[in-house]
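Analysis of the macromolecular model
The residues making up each chain are set out below.
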Amino acid sequence: MKKDPRQMLNDFMGGLEELGQTNSEHVGAFMNLLGTTYAPGSLETKTKELISVAIAAYNRCEYCIVFHVYKALEAGATRAEIMEAAMVAVAFGGGPSMAYSVTLLKDSLDEFEKDFK
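This section reports on the structure supplied with the text. In this convention, every chain numbers its residues from 1, walking through the sequence in written order. The predicted origin of the model limits local features to residues at a pLDDT of at least 70 and limits the giving and counting of side-chain atom pairs to 80 or more, whereas totals for whole chains, interfaces and linings rest on all residues. In computing side-chain properties, one takes all heavy atoms of the structure into account and sets aside hydrogens as well as water.

**Considerations on the environment of Tyr63**
- Think of it this way: any DSSP run of H or I at least four residues long counts as a helix, any run of E at least two long counts as a strand, and we number them from the N terminus. Locating Tyr63 in the fold gives a position in helix 4 (residues 62-74).
- Overall, the relative accessible area of 38% leaves Tyr63 in the partly exposed class.
- Contacts of Tyr63, omitting those with residues within four sequence positions, involve Met8 and Phe12. Burial classes: relative accessible area under 20% of the type maximum marks a residue as buried, over 50% as exposed, and values in between as partly exposed (1.4 Å probe, protein chains only). By definition in these notes, contact holds between two residues if any of their heavy atoms fall within 4.5 Å.

If you want it as structure tokens, here you go:
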């Protein structure tokens, strides 16, 4: 069954918001860590998101793939850059990383690219 990247992104973001209502300290700490980590520094945000795409594909974390493809596009990454980052994951993760790259990751690109054109 094909997964819907937009629905997955919405489910993830909604889940964070809902959990934040009962576990605000934990969610707040996580969001603070993300904000601090992805702020421009020696590496620009786009580069950090490309690294995250590769890690997500390597780990086969479906929600991470969807979220970081979206964030990479938002940060100005191109389709080619995102796929190249995914291929670095394939070099380390082999077939399983390739499977996620040619399905959910590609579908996420197809879905979200139009949001940033």
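**Points about the side chain of Ser108**
- Following the sequence through the fold, Ser108 ends up in helix 5 (residues 79-112).
- A relative accessible area of 0% means that Ser108 is categorised as buried.
- Contacts of Ser108, omitting those with residues within four sequence positions, involve Pro5, Val66, Val69 and Glu113.

**Describing the nonpolar core**
- Of all hydrophobic cores here, the largest spans 22 residues; its most connected members are Val69, Ile82 and Leu105.
- Where this core is concerned, the elements lending two or more residues are helix 1 (5-22), helix 3 (45-59), helix 4 and helix 5.
- Among the elements that line this core, the one with the most residues is helix 5, at eight residues.
- Residues contacting Val69, with those up to four places away along its chain left out, are Val53, Ile82, Leu105, Ser108, Leu109 and Phe112. The term nonpolar core refers to a set of buried residues drawn from Ala, Val, Leu, Ile, Met, Phe, Trp, Tyr and Cys, joined through side-chain atoms within 4.5 Å.

**With respect to the state of the cysteines**
- Any two cysteine sulfur atoms lying within 2.5 Å of each other are counted as a disulfide. As enumerated under the stated definition, the model contains one disulfide in all.
- Across a sulfur-sulfur distance of 2.3 Å, Cys61 and Cys64 are joined as a disulfide pair. In this structure the cystine formed by Cys61 and Cys64 twists about its S-S bond by roughly 60°; its chirality is therefore right-handed.
- Using a relative accessible area of 30% as the deciding quantity, one classes Cys64 as partly exposed.

**What about helix 4?**
- Its 13 residues give helix 4 an end-to-end C-alpha distance of 18 Å, which sits within 8% of 18 Å, the value for a rise of 1.5 Å per residue.
- Those residues of helix 4 not exposed but buried are Glu62, Ile65, Val66, Phe67, His68, Val69, Ala72 and Leu73.
- For helix 4, the elements touching its buried residues are helix 1, helix 2 (24-38), helix 3 and helix 5.
- The first or second residue beyond helix 4 is Gly76, which carries a positive phi of 100°. Under the convention used throughout, the expected extent of a helix is 1.5 Å for every residue step, that is, one less than its residue count.

**Description of helix 1**
- Taking 1.5 Å as the rise per residue, helix 1 with 18 residues should run 26 Å; its terminal C-alpha atoms sit 26 Å apart, in good agreement.
- Those residues of helix 1 lying buried are Pro5, Met8, Leu9 and Leu16. Viewed along the axis of helix 1, the buried residues span an arc of 105°, placing them on a single side of the element. Within helix 1, the exposed residues directed more than 90 degrees away from the buried face are Glu17, Glu18, Gln21 and Thr22.
- A side-chain oxygen of the first residue of helix 1 lies 3.0 Å from the backbone nitrogen of Arg6; this N-cap is Asp4. Directions are taken from the helix axis to each C-beta atom, and the arc is the one they span. Polar contacts, as used here, are pairs of N or O atoms within 3.5 Å; protein pairs need one atom able to donate a hydrogen and one able to accept it. Residues neighboring in sequence count only if both atoms are side-chain atoms.

**Focus on the side chain of Ser52**
- The residue Ser52 is located in helix 3 in this model.
- The exposure class of Ser52 is buried, given its relative accessible area of 8%.
- Polar side-chain contacts of Ser52 include one of 2.5 Å to the side chain of Tyr38.
- Setting aside its immediate chain neighbours within four residues, Ser52 contacts Tyr38 and His68.

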